[in-house]
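Given next are the chains, with one letter for each unit.
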Amino acid sequence: MELRVRALESILSEKGYFEPAALDAIVQAYETKIGPHNGARVVAKAWSDPAFKQALLDDASKAVGTLGHVSRVGDHLVAVENTPNRHNMVVCTLCSCYPWEMLGLPPVWYKAAPYRSRAVKDPRGVLADFGVSLPTQTEIRVWDSTAETRFLVLPMRPAGTEGWSEEQLAELVTRDSMIGTGFPKTPGAPS
Amino acid sequence: MNGVHDMGGMDGFGKVEPEPNEPMFHQEWESRVLAMVRAMGAAGAFNIDASRFYRESLPPHVYLSSSYYKKWLLGLEDLLLARGYVAPEDVAAGHAVAPAKSLKHGKFSVADVERVMVRGKFGRTAPAAAKFKPGERVRAKNIHPATHTRLPRYVRGHVGVVERDHGCHVFPDTAANDAGEHPQWLYTVVFDGRELWGPDTDPTIKVSIDAFEPYLEPA
């Protein structure tokens, strides 16, 4: 594979389609600028600031755009809120659509057949693969990302975090809790 | 197209296996493939819909047995050959032999990198009023386009409820074939799990897709 990729890169750069240094810069940007830390800051802010939370649920692209310290986000971001009665979970059955700016590049399991095939038919079974179980009466809402809209799950704020700063709260927000295949960390639990 | 990429509801793929502390790339070449796809797309060789269509068009056994970035590489090679950005003699030589084809947005340079790190804009001015409103019942049409579509098979023929209206967006079904953007209204449509998977399904399950207006009819 490596030789085949190198050959293609040679062909394309010899034809003058891109500067090889521009590829290095793209890779570096993915490695350093994007990642779940961006989503975690947004979630922590929503847990701390009711007006921001409402703005996020109304128009997530616009709300996130007001936060200077989070990487620039594109259009069509939608935040969906978990409540005691409803749990949200995001999938892309057709390919691998995922909110890159908020969560970074998707993990292999998100892009692989087991998750893509089962999430829409047996979400409780998929959650069990992650060691997650929900009360039997909780509604499970699966969002299949079939267009250019991108979904970010706003998990429930863990109990026992009253008075915590946004920075402290952000430490509890896991990537999977923003996909809907996990929960935030529990305060004080061994990590 | 009714390809193996349209996986919603298929059985037999086994358990989901999360990898603890997963690295961003498992091998260095994966990062080069990602960067080449992003660069060639931004330079105007293809749009996101065409790149998806070429990955979906890989032979089913290849699609199912290839890693994610291998699919990206194979789809990229096929697309660049089909559109004349690469010639068969280039591939045979492993170097550029044939003349280059000009790119719509010119050579991709370091200065363009910041631009590709923000998602493109897919919203467009509405050419007509929306046919459906939140709260209305709609049926996903029983259609089977042979080319690219974003209407998954598992909802076709089933009735759901319009929940959100996202405005007008580029229509992937035409954009993928270089046949124009033809903006269409886009809606989140919610289906009850029992409507999709039968009466024995867990009644707490609801599944939504984002559906372009031509995928829907009143129900």
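Here the structure is a predicted model, which means the values were calculated and not measured.

Reading the values: the criteria
Residues numbered from 1 in each chain as written. Chains lettered and ligands numbered in written order. Predicted model: local features only at pLDDT ≥ 70, side-chain atom pairs only at ≥ 80, totals over all residues. Heavy atoms only, no water. Core = buried A, V, L, I, M, F, W, Y, C linked by side-chain atoms within 4.5 Å. Buried < 20%, exposed > 50% of the residue type's maximum accessible area, 1.4 Å probe, protein only. Helix = DSSP H or I, 4+ residues; strand = E, 2+ residues; numbered from the N terminus. Contact = heavy atoms within 4.5 Å. Pairing = 2+ DSSP bridges. Salt bridge = Lys/Arg side-chain N within 4 Å of Asp/Glu carboxyl O.

Brief notes about the nonpolar core
Step number 1: L56 and Y115 of chain A together with F108 of chain B are the most contacted members of the largest nonpolar core, which totals 116 residues.
Step number 2: Of all the elements, helix α1 (residues 28–42) of chain B adds the most residues to this core, at 9 residues.
Step number 3: Every residue in contact with F108 of chain B, bar those within four places of it in the chain, is listed here: Y17, F18, E19, A22 and I26 of chain A together with A39, A42, A43, V113 and V116 of chain B.

Observations regarding the pairing of strand β2 (residues 137–140) of chain B
As a general feature of sheets, a regular strand has side chains that alternate between the two faces.
All names here are of chain B.
Step number 1: Only one face of β2 is covered, namely the one carrying V138 and A140; the face carrying R137 and R139 has none of its residues buried.
Step number 2: In this structure, β2 lies alongside strand β3 (residues 159–169), joined through 3 bridges in antiparallel fashion. Each residue of the ladder has a partner; that of R139, found in β3, is V159.
Step number 3: Pairing between β2 and strand β6 (residues 216–218): 3 bridges, direction antiparallel. Across the sheet, V138 pairs through a bridge with P218, a residue of β6.

Notes on the pattern of salt bridges
Step number 1: Applying the stated criterion across every chain yields a total of 26 salt bridges over all chains.
Step number 2: A salt bridge links K53 of chain A to E81 of chain A; the nearest nitrogen and oxygen atoms lie 2.6 Å apart. Residue K53 of chain A is located in helix α4 (residues 50–58), and its partner E81 of chain A is located in strand β1 (residues 77–81); the two are separated by 28 residues in the primary sequence.
Step number 3: Among the residues examined, E81 of chain A registers a relative accessible area of 26% and is labelled partly exposed.
Step number 4: Notably, a salt bridge pairs E148 of chain A with R150 of chain A, separated by 3.0 Å at the nearest N-O pair.
Step number 5: Among the residues examined, E148 of chain A registers a relative accessible area of 7% and is labelled buried.
Step number 6: Note on R150 of chain A: relative accessible area 5%, which makes it buried.
Step number 7: Through salt bridges with shared partners, one network takes in E148 and R150 of chain A together with D49, R52 and R119 of chain B.

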